[in-house]
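One-letter residues, chain by chain:
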Amino acid sequence: MEKLKGKRALVTGASRGIGKAIALRLAADGAKVAINFNNNQKLAEIAAEEIYQAGGESLIVKANVSQSSEVDSMFEHILTTWDGIDILVNNAGVTKDALVIRMSEEDWDEVISTNLKGAFLCVKGAIQHMLRQRWGRIINISSIVGVAGNPGQANYAASKAGLIALTRTIAREVGSRNITANAVTPGFITTDMVTSLSDQTIETIKQNIPLGRLGTPQDVAGLVAFLASDEAGYITGQAIGIDGAMAI
Ligand code: NAP
């Protein structure tokens, strides 16, 4: 319970999936956690209740991260409640898959706005406070497809590659103020985003994963909690794979 004691964290898209697991893990490690959601208030409340039952503290904040006015209000709420922020996890993400030839401009814009612009807006919301206190952790949830590309996911892969470049730029801009920025690149993780795949597709995927299984949200949360801690203070500008060696 001590590793992140006294730290204040925001996890975007924490109502379910990987974001929820990260919120629960950061809270278990002692941080106060702001649980951001967009549509699923009930699920965000369940995540908050789980944190409370485990003896932790949280705050629920609704915002569509692609809208600057909503992100501004979210930060105003967090900063007036907790008087600062120490850890930002940009996790909110969507997919709108189609081959490039069939991908609509709307679907391109929606995925880039949520996954990439959303992270940029949240970094802007958090960074001034981190600069002032000379301590901060920014962790962006990218994907292995942001490194390798993936047919049918031009918008998503571009957003995830953009997140890596955003991460490295932030690491260079604010490293001198003791703020680290890292990306994590998960492979296939068992959440709503992948459980819609057929059993046959999942079997085929598993055959390409040396560890022989899909990852869990808790696997990703463990890495994020480490990157958020003091122990990871000399790690910055990295894109760290968490994929059962799928990408090697
Ligand atoms: P998920 O189960 O589909 O959950 C997505 C989360 O993002 C939800 O909490 C959702 O909130 C939130 N969200 C979506 N659009 C939002 C917006 N505009 N503003 C604020 N929140 C928004 O996804 P997941 O599988 O946990 O994925 C989490 C992150 O990991 C994503 O960035 C994804 O790209 C990345 N990732 C996932 C995998 C995988 O295999 N699952 C692999 C690599 C990377 P609501 O519930 O309120 O809609």
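A. Representation of the overall build of the protein in the model. Within the protein, the secondary structure is distributed over nine helices and seven strands. With respect to the three principal axes, the spread of C-alpha positions in the protein is 45 × 35 × 35 Å. Counting across all 248 residues of the protein, residues that qualify as buried make up 50%. Of all intrachain contacts in the protein linking residues separated by at least 6 positions in sequence, the fraction that spans at least 24 positions is 74%. Accessible area of the protein: about 11900 Å², with a carbon and sulfur share of 50%. If you average the places of the 23 positive and of the 25 negative side-chain charges in the protein, the two averages end up 6 Å apart.

B. Here's a closer look at the packing of helix α1 (residues 17-28) against helix α2 (residues 41-53). In the contact formed by α1 and α2, the axes pass within 10 Å of each other and the chain directions differ by 20°. One element, α1, and the other, α2, form an angle in the roughly parallel class. As for how α1 packs across α2, the hand of that crossing is right-handed. Across the interface between the two elements, Lys20, Ala23, Leu24 and Ala27 of α1 pack against Ile46, Ala47, Glu50 and Ile51 of α2.

C. Region of interest: the sheet that holds strand β4 (residues 87-90). Spatially, seven strands are ordered β3-β2-β1-β4-β5-β6-β7 in an open sheet, and the strand pairing comes out parallel. Looking at strand neighbours, the two that pair on one side only are β3 (57-62) and β7 (239-242), the edges of this open sheet. Taking the axes of each pair of neighbouring strands and ignoring which way they run, one obtains an average angle of 20° across the sheet. Judged from the three bridges that link them, strand β1 (residues 8-11) and β4 form a sheet pairing that is parallel.

D. Quick peek at the packing of helix α3 (residues 68-82) against helix α4 (residues 105-133). Following both chains from N to C, one finds α3 and α4 inclined at 30°, their axes separated by 9 Å at the closest point. Looking at the two axes, α3 sits roughly parallel to α4. Relative to α4, the crossing made by α3 is right-handed. Residue-level contacts link Ser68, Val71, Met74, Phe75 and Leu79 of α3 to Leu121, Cys122, Gly125, Ala126 and His129 of α4.

E. Summary view of the site of the ligand. The local shell around the ligand holds 32 residues, among which Ser15, Asn39, Asn91, Tyr156 and Thr191 are the closest. In this structure, a nitrogen atom belonging to the ligand sits 2.8 Å away from a side-chain N or O atom of Asn64. The separation between an oxygen atom of the ligand and a polar main-chain atom of Ile189 is 2.8 Å. Here the ligand has 890 Å² of accessible area as a free molecule, and 96% of this is covered by the chains. Here the shell around the ligand is built from residues that sort into 14 nonpolar, 15 polar and three charged.

F. Region of the structure containing the pairing of β1. Of the two faces of β1, the one lined by Arg8 and Leu10 and the one lined by Ala9 and Val11 are each fully buried. In the sheet, β1 pairs with strand β2 (residues 32-37) via four bridges, with the strands oriented parallel. Counted as the bridge partner of Val11 is Ile35 from β2.

G. Representation of the pattern of salt bridges within the structure. Enumeration over the complete set of coordinates arrives at nine salt bridges. Residue Lys3 pairs with Glu231 through a salt bridge whose shortest N-O separation is 4.0 Å. Here Glu231 lies in the loop between α9 (217-228) and β7 and Lys3 lies in the segment before β1, a separation of 228 residues in the sequence. A salt bridge links Asp86 to Arg8; the shortest N-O distance between them is 2.9 Å. With Asp86 in the loop between α3 and β4 and Arg8 in strand β1, this residue pair connects regions lying 78 residues apart in the sequence. A single burial state applies to Asp86 and to Arg8, both of which are buried.

H. Quick look at the packing of aromatic side chains. Per the stated rule, a full pass over the model turns up zero aromatic pairs. Positioned above the aromatic ring of Trp135 is the side chain of Lys7, whose terminal nitrogen or guanidinium carbon lies 3.9 Å from the ring centre.

Definitions and cut-offs
- Residues numbered from 1 in each chain as written.
- Predicted model: local features only at pLDDT ≥ 70, side-chain atom pairs only at ≥ 80, totals over all residues.
- Heavy atoms only, no water.
- Helix = DSSP H or I, 4+ residues; strand = E, 2+ residues; numbered from the N terminus.
- Buried < 20%, exposed > 50% of the residue type's maximum accessible area, 1.4 Å probe, protein only.
- Contact = heavy atoms within 4.5 Å.
- Areas by Shrake-Rupley, 256 points an atom, 1.4 Å probe, with all protein chains shown as cover.
- Lys, Arg positive; Asp, Glu negative; His and termini not counted.
- Charge placed at Lys NZ, Arg CZ, Asp CG, Glu CD.
- Axes fitted to C-alpha atoms, helices over the stretch in contact; angles between N-to-C directions.
- Parallel < 35°, antiparallel > 145°, perpendicular 65-115°, else oblique.
- Left-handed = near helix turned anticlockwise from the far one by under 90°.
- Pairing = 2+ DSSP bridges.
- Near = heavy atom within 4 Å.
- Polar contact = N/O pair within 3.5 Å; in protein donor to acceptor, adjacent residues only side chain to side chain.
- Nonpolar A, V, L, I, M, F, W, Y, C, P; charged D, E, K, R; others polar.
- Salt bridge = Lys/Arg side-chain N within 4 Å of Asp/Glu carboxyl O.
- Phe/Tyr/Trp six-rings, centres within 6.5 Å; stacked < 30°, edge-to-face > 60°.
- Lys NZ or Arg CZ within 6 Å of the ring centre and 35° of its normal.

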